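Each chain, written out:
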Amino acid sequence: MKKSIAIIGAGAAGLASAVRLLKDGYNVDIYEKEKTVGGKMNRIEEKGFKFDVGPTIVMMPEVYREVFEYAGKNPDDYISMERLDPIYSLQYGINERYTVSSDLTKLTPFLESLSEKDAEGYFKYIYSTYKRYLIAKNYFIEKSFRSAKDFYNPEMLVKALQLKTFNNAYNEISKYVKDEKLRKMLSFQTLYIGISPHNGPSIYTIIPMIETIYGVWYIKGGMYSMAQGMAKLIKELGGNIYTDSPVEEIIINSGKATGIKTNGINKNYDYIIANSDFPYTMKNLIKDIKNKRKYTDKKIDSMDYSCSVFLMYLGINKKVHSAEVHNISFADDFEKNISDIFEGIDPKDPSVYVHVPSKIDPGMAPEGKESLYVLVPVPELKTRGKKWTQEDIKNYKKIVYNKMKSMKGFENTENFVEVEKIYTPNDFEEKFNAYNGATFGLAPTLMQSNYFRPHNKSSYTDNLYFCGSSVHPGAGVPIVLTSAKLAVSELEKDDRDSL
Ligand SMILES: Cc1cc2nc3c(=O)[nH]c(=O)nc-3n(C[C@H](O)[C@H](O)[C@H](O)COP(=O)(O)OP(=O)(O)OC[C@H]3O[C@@H](n4cnc5c(N)ncnc54)[C@H](O)[C@@H]3O)c2cc1C
């Protein structure tokens, strides 16, 4: 008889886990607390405008495609991807703006315009970071850590040293290039995973390298199309997705997960995969303190969390001409901006990212109009020390509109707004149970990475597995899709061993 699996949460990782398990012959039921699938990879629709809620930047497209290929399907039948060139525009101050290409014949003249020495430094950076990336991918990212000996063995310790990750990202980049703009251009990406370029481990300098060598892509219909594509495939493979179905408890008997409780009813399963945020899951879904073991409520509260975001989804009734699909404007004082975010202060002079999908995807906004996604990194709720009030939102909105006045193409945005929706860290906490509203989960500090990050297989409870941002290997869509692959392979290994 087919074994049964309950997945808690229909985020990117939960959906990808379901596809793999169904293909491998298991019965799968997904329970999602919200009305729609996708988790942070969700969509807001109003008056013909469509906005991705969370992720917008598609990197490592082959990882997205692999989910469908694993099930023997052609990914093109589920998601339509195109490569972006330029990958983004970067604005420094009021007048300095650069469009950055991942096409070497376009990128090189830009680098040389800064200096030939910096162009040379850039190529050295790509070479040495690619070497580190291969080690990270083959020995850490795509490997699950079940027990201490998976990490504490001579080969892994050598590889960990070869990762050379003790420096911070900004200092690491500074070894290769001198130009301050270029240093920012190659280090701000640690914010994609919610950590500071001045503190985050230098291994995350692989992100701009990945953008360059594999490109930045766009999925037609926005990222939400990926969630829809996976949900469609799950149904075709015979899986069930129950939305509006919050799980209240993971039932554990004698150290073994045997089911879940949803809407007051206990349901038995052979295995459980929790895609719900790990800290939330340990605190709220595992009730008995003896099953929490190391992850007591106190431990969960003392862990480090990634930053969060203040997001404005704006439908505007005009076209934006001088902008790209992804646009970033740095704060005048970037260092202060970063230290504010990680010291719990809402930045008064923020860095702002504006995504305009309707520039290349007409279906994202009504004709002649544009849908804007305006993101500002802000502190997560633990560091901020309090939730956002309506007054905070009103005041911060002004700061963001004001900053946009200095952004090329977005100067008068406020005068053309037809739809305005705002998400604060409160929303990410309330809607998706993101602990502390930390949009990228547990911070990937050295002591919360690889073996030290919560594992994909529970260390304390049999038949319980974890996927998603706060567990190994970390946050970002391709990375949580990898966490799904690892959680499923751990589960299937145990299932084979139990026969
Ligand atoms: C604003 C923002 C911008 C981002 N930008 C990018 C980007 O450009 N590129 C990129 O690659 N990544 C980006 N990311 C990161 C990426 O979106 C996430 O890492 C990824 O989507 C997380 O997926 P997940 O499956 O781990 O978690 P989630 O999406 O959080 O899914 C967890 C699911 O569990 C559900 N759940 C929680 N508790 C329960 C319960 N008790 N019962 C039932 N269901 C429950 C939640 O509702 C949710 O649907 C961004 C994230 C955010 C928030």
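Before going further, it helps to spend a moment on the packing of helix α2 (residues 61–70) against helix α18 (residues 477–497). In contact at an axis separation of 8 Å, α2 and α18 are set at 35° when each is read in the N-to-C sense. Relative to α18, the crossing made by α2 is left-handed. Contacts between α2 and α18 involve Val63, Tyr64, Glu66 and Val67 from the former and Val477, Pro478, Leu481, Thr482 and Lys485 from the latter.

So, about the sheet that holds strand β1 (residues 4–8). Strands in a sheet are paired, the pairing made by backbone hydrogen bonds, and the direction either parallel or antiparallel. Taken in spatial order, the five strands of this open sheet run β9-β2-β1-β13-β19, and their pairing is parallel. Each edge of the open sheet carries a strand with a single partner, namely β9 (240–242) and β19 (464–466). Averaged over all neighbouring strand pairs, the angle between strand axes comes to 20°, with direction disregarded. As paired elements, β1 and strand β2 (residues 27–31) share five bridges and run parallel to each other. Opposite isoleucine 8, over in β2, you have tyrosine 31 as the bridge partner. This element, helix α1 (residues 12–23), spans β1, β2, β9 and β13 (271–274) of the sheet and lies at about 165° to β2.

Turning our attention to the nonpolar core. Ranked by size, the top nonpolar core spans 120 residues in total, and within it Tyr64, Met226 and Leu481 carry the most contacts. For this core, the element with the highest residue contribution is helix α4 (residues 116–141), accounting for nine residues. Each residue touching leucine 481, except ones within four places of it in the same chain, is listed here: Ala12, Ala16, Val63, Tyr64, Val67, Met226 and Met230. Within the second largest apolar cluster, 26 residues are counted, among which are Ile252, Leu442, Phe466 and Val471.

One pass over the full model with this rule turns up 36 aromatic pairs. Centroid distance phenylalanine 278 to phenylalanine 466: 4.9 Å. Interplanar angle 80°. Geometry classified as edge-to-face. Linking phenylalanine 278 in helix α11 (residues 278–285) with phenylalanine 466 in strand β19, this pair joins segments that are 188 residues apart in sequence. Seen in terms of ring centroids, phenylalanine 330 and phenylalanine 334 are 5.2 Å apart; in terms of plane orientation they differ by 85°. Their pairing is edge-to-face. Note on accessibility: phenylalanine 330 and phenylalanine 334 belong to one class, buried. Here the aromatic residues Phe49, Phe51, Tyr313, Tyr353, Tyr373, Tyr423, Phe428 and Phe432 are joined through ring pairs into a cluster of three or more. The ring of tyrosine 70 carries arginine 20 above its face, with NZ or CZ at 4.5 Å from the centroid.

Here the focus is the packing of α1 against α2. Packing of α1 against α2 leaves a shortest axis separation of 9 Å and a crossing angle of 30°. With respect to α2, the axis of α1 lies roughly parallel. Our pair here, α1 against α2, has a crossing hand that is left-handed. Between α1 and α2, the contacting residues are Ala16, Val19, Arg20 and Lys23 on the first element and Glu66, Val67 and Tyr70 on the second.

What follows deals with the site of the ligand. Taken together, 39 residues surround the ligand, and among them Glu32, Lys40, Ile57, Asn433 and Val477 come closest. A distance of 3.2 Å separates an oxygen atom of the ligand from a polar backbone atom of alanine 12. In this structure, glutamate 32 approaches the ligand through a side-chain N or O atom, which is 2.6 Å from an oxygen atom. Relative to its free-state accessible area of 1,000 Å², the ligand is covered by the protein chains to the extent of 96%. When contributions to the shell around the ligand are tallied by element, the ones reaching two or more residues are α1, β14 (308–316), β17 (370–378), α17 (425–432) and α18. Counting contributing residues per domain, the shell around the ligand is built from domain 1 (4–82 + 221–303 + 435–497) and domain 3 (304–432), each supplying no fewer than three.

The next point concerns unusual backbone geometry. The omega angle of the peptide bond from aspartate 85 to proline 86 is 0°, so this bond is cis rather than trans. With respect to the secondary-structure elements, proline 86 resides in the loop between β5 (81–83) and β6 (88–92). Looking along the chain, the bond that leaves histidine 472 and enters proline 473 is cis, with omega of 0°. With respect to the element layout, proline 473 can be found in the loop between β19 and α18. For aspartate 244, which is not a glycine, the phi torsion comes out positive at approximately 55°. Its relative accessible area of 43% is what places aspartate 244 among the partly exposed residues.

So, about the sheet that holds β14. With respect to topology, seven strands assemble into an open sheet ordered β7-β6-β15-β16-β17-β14-β18, the strand pairing being mixed. Taken across any chain shown, the strands that pair with only one partner, and hence form the sheet edges, are β7 (96–100) and β18 (417–423). On average, each strand axis in the sheet is inclined to that of its neighbour by 20°, with strand direction left out of account. One ladder, built from three bridges, connects strand β16 (residues 352–355) with β17; its direction is antiparallel. Residue pairing in the sheet places histidine 355 in a bridge with tyrosine 373 of β17.

So, on to the domain arrangement of the chain. By convention, interface size is frequently given as the accessible area that disappears when the constituent parts associate. Taken domain by domain, the chain holds domain 1 (4–82 + 221–303 + 435–497), domain 2 (104–214) and domain 3 (304–432). With centres defined by C-alpha atoms, the gap from domain 2 to domain 3 works out at 27 Å. Of the roughly 880 Å² buried at the junction of domain 2 and domain 3 (both faces included), carbon and sulfur atoms supply 83%. A per-residue breakdown of the area domain 2 buries against domain 3 is headed by Lys184, Phe188 and Leu191, which together make up 51% of the total. Linking domain 2 with domain 3 are zero salt bridges. The interface formed by domain 2 and domain 3 holds one residue pair in polar contact (both at pLDDT 80 or more) in total. Per-class residue counts for the side of domain 2 that touches domain 3 are five nonpolar, three polar and one charged.

About the criteria used
- Residues numbered from 1 in each chain as written.
- Predicted model: local features only at pLDDT ≥ 70, side-chain atom pairs only at ≥ 80, totals over all residues.
- Heavy atoms only, no water.
- Axes fitted to C-alpha atoms, helices over the stretch in contact; angles between N-to-C directions.
- Helix = DSSP H or I, 4+ residues; strand = E, 2+ residues; numbered from the N terminus.
- Left-handed = near helix turned anticlockwise from the far one by under 90°.
- Contact = heavy atoms within 4.5 Å.
- Pairing = 2+ DSSP bridges.
- Core = buried A, V, L, I, M, F, W, Y, C linked by side-chain atoms within 4.5 Å.
- Buried < 20%, exposed > 50% of the residue type's maximum accessible area, 1.4 Å probe, protein only.
- Phe/Tyr/Trp six-rings, centres within 6.5 Å; stacked < 30°, edge-to-face > 60°.
- Lys NZ or Arg CZ within 6 Å of the ring centre and 35° of its normal.
- Parallel < 35°, antiparallel > 145°, perpendicular 65-115°, else oblique.
- Near = heavy atom within 4 Å.
- Polar contact = N/O pair within 3.5 Å; in protein donor to acceptor, adjacent residues only side chain to side chain.
- Areas by Shrake-Rupley, 256 points an atom, 1.4 Å probe, with all protein chains shown as cover.
- Domains from an automatic or database assignment.
- Buried area = accessible area lost by both parts, 1.4 Å probe.
- Salt bridge = Lys/Arg side-chain N within 4 Å of Asp/Glu carboxyl O.
- Nonpolar A, V, L, I, M, F, W, Y, C, P; charged D, E, K, R; others polar.

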